[in-house]
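Residues per chain are reported as follows:
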Amino acid sequence: MPLLSVNNAAFAYQAGHPIFNDVNFQLNAGQIFTILGPNGAGKSTLLKCLLGLQELQRGQILIGGENITGMKRRQLAQQIAYVPQDYQVNTGLSVMDYLLTARAPYLSPLQLPGKEERQQVLTQLARFNLRHLRGRRFSSLSGGQQQLVTIIKALVQQPKLLILDEPMAALDLSRQRQVLTLLKELAATGMAIILTTHLPDHVFLLDSKVGLFFPGGTLRVGSTTQLMTKDNLTSIYHTPVELVYLPQLGRYTCQLVV
Ligand SMILES: Nc1ncnc2c1ncn2[C@@H]1O[C@H](COP(=O)(O)OP(=O)(O)OP(=O)(O)O)[C@@H](O)[C@H]1O
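As the structure is a prediction and not an experimental result, all values here were calculated from the model.

*Asks:* I'm lost on the sheet that holds strand E7 (residues 161-165) in this one. Help?
*Replies:* Pairing is mixed across the open sheet formed by six strands, whose spatial order is E6-E7-E8-E3-E9-E10. One side of each edge strand has no neighbouring strand; the edge strands of this open sheet are strand E6 (80-83) and strand E10 (218-223). Recorded for the sheet is a direction-independent mean angle of 15° between the axes of neighbouring strands.

Rendered as structure tokens:
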């Protein structure tokens, strides 16, 4: 059974103005699914539906065979972690305390996080060499640091499915490389991953399953080889691009034609 099944999903914020229609895809443990589409296409909205933050007009979303509409938030939070596009929350919490909130789905209502949870936070901070930030106020961090800490928070939650909305938008090249490498490592351990990005090169680097938002709210799903073509990218972005093969890297890169 797939970890995630999205069947005939349709969503509209306003009746008669669908954002997407008939979205169908499945994701197994250990698979990466990268979603591309122009601004306003519906990528974040689809992710919010997967998280149960928005309700579908039609269709269903199943996690481990169970419809998410019948699941409690705590139960969902043990399955799915989310890195939102708007990660800049105004909180007075330190980085450590902010990260500890990710353990809440595993603690009883009045239980405070203890030594074990603090160790889990330190282990995840260490992946990015960011242990030194643990005493800083989250909202005092730079944009890129906040985005990294938000990714780390999702890891502290230990999900089966990790959903990231443009997780590298604020990151420098070295940090993008770290995140891409980490996503591959997490997938190899069996975590399923869904991310959105505006950089087609991220898809070529991950060589993942792909979802392309076409005009009219159609999500076409396939492999990198099937869907990441010059015609498809030109068509979804309404702008000319060239795909260039890099023999030394064994993959394509996407270049704007200016
Ligand atoms: N809460 C809302 N109420 C009404 N309309 C909304 C709401 N949130 C988003 N929209 C609209 O739904 C459409 C899809 O938005 P969404 O944020 O899903 O796009 P996106 O593909 O993630 O875009 P971007 O690449 O710019 O982040 C847009 O036209 C947007 O204006």
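*Asks:* So what exactly am I meant to see when it comes to the environment of Leu246 here?
*Replies:* In this structure, Leu246 sits in strand E11 (residues 241-246). Sequence separation of Leu246 and Met168 is 78 residues, and the distance between their C-alpha atoms is 23 Å. Apart from residues no more than four positions distant in its own chain, Leu246 is found in contact with Arg251 and Thr253.

*Asks:* Teacher, can you tell me more about the UniProt feature "domain: ABC transporter" (unreviewed entry) in the protein here?
*Replies:* In this numbering, the UniProt entry assigns the feature "domain: ABC transporter" (unreviewed entry) to residues 4-240. With 34% helix and 26% strand, the stretch residues 4-240 has end C-alpha atoms that lie 34 Å from each other.

*Asks:* Help me understand the site of the ligand in this model?
*Replies:* In the vicinity of the ligand, the contacting residues are Tyr13, Ile19, Gly37, Asn39, Gly40, Ala41, Gly42, Lys43, Ser44, Thr45 and Gln85. The element contributing the most residues to the shell around the ligand is helix H1 (residues 43-50), with three residues. Residue composition of the shell around the ligand, by class: three nonpolar, seven polar and one charged.

Rules and cut-offs
- Residues numbered from 1 in each chain as written.
- Predicted model: local features only at pLDDT ≥ 70, side-chain atom pairs only at ≥ 80, totals over all residues.
- Pairing = 2+ DSSP bridges.
- Helix = DSSP H or I, 4+ residues; strand = E, 2+ residues; numbered from the N terminus.
- Axes fitted to C-alpha atoms, helices over the stretch in contact; angles between N-to-C directions.
- Contact = placed C-beta atoms within 7 Å.
- UniProt positions renumbered as here; feature names shortened; annotations may be inferred.
- Near = placed C-beta within 6 Å.
- Nonpolar A, V, L, I, M, F, W, Y, C, P; charged D, E, K, R; others polar.

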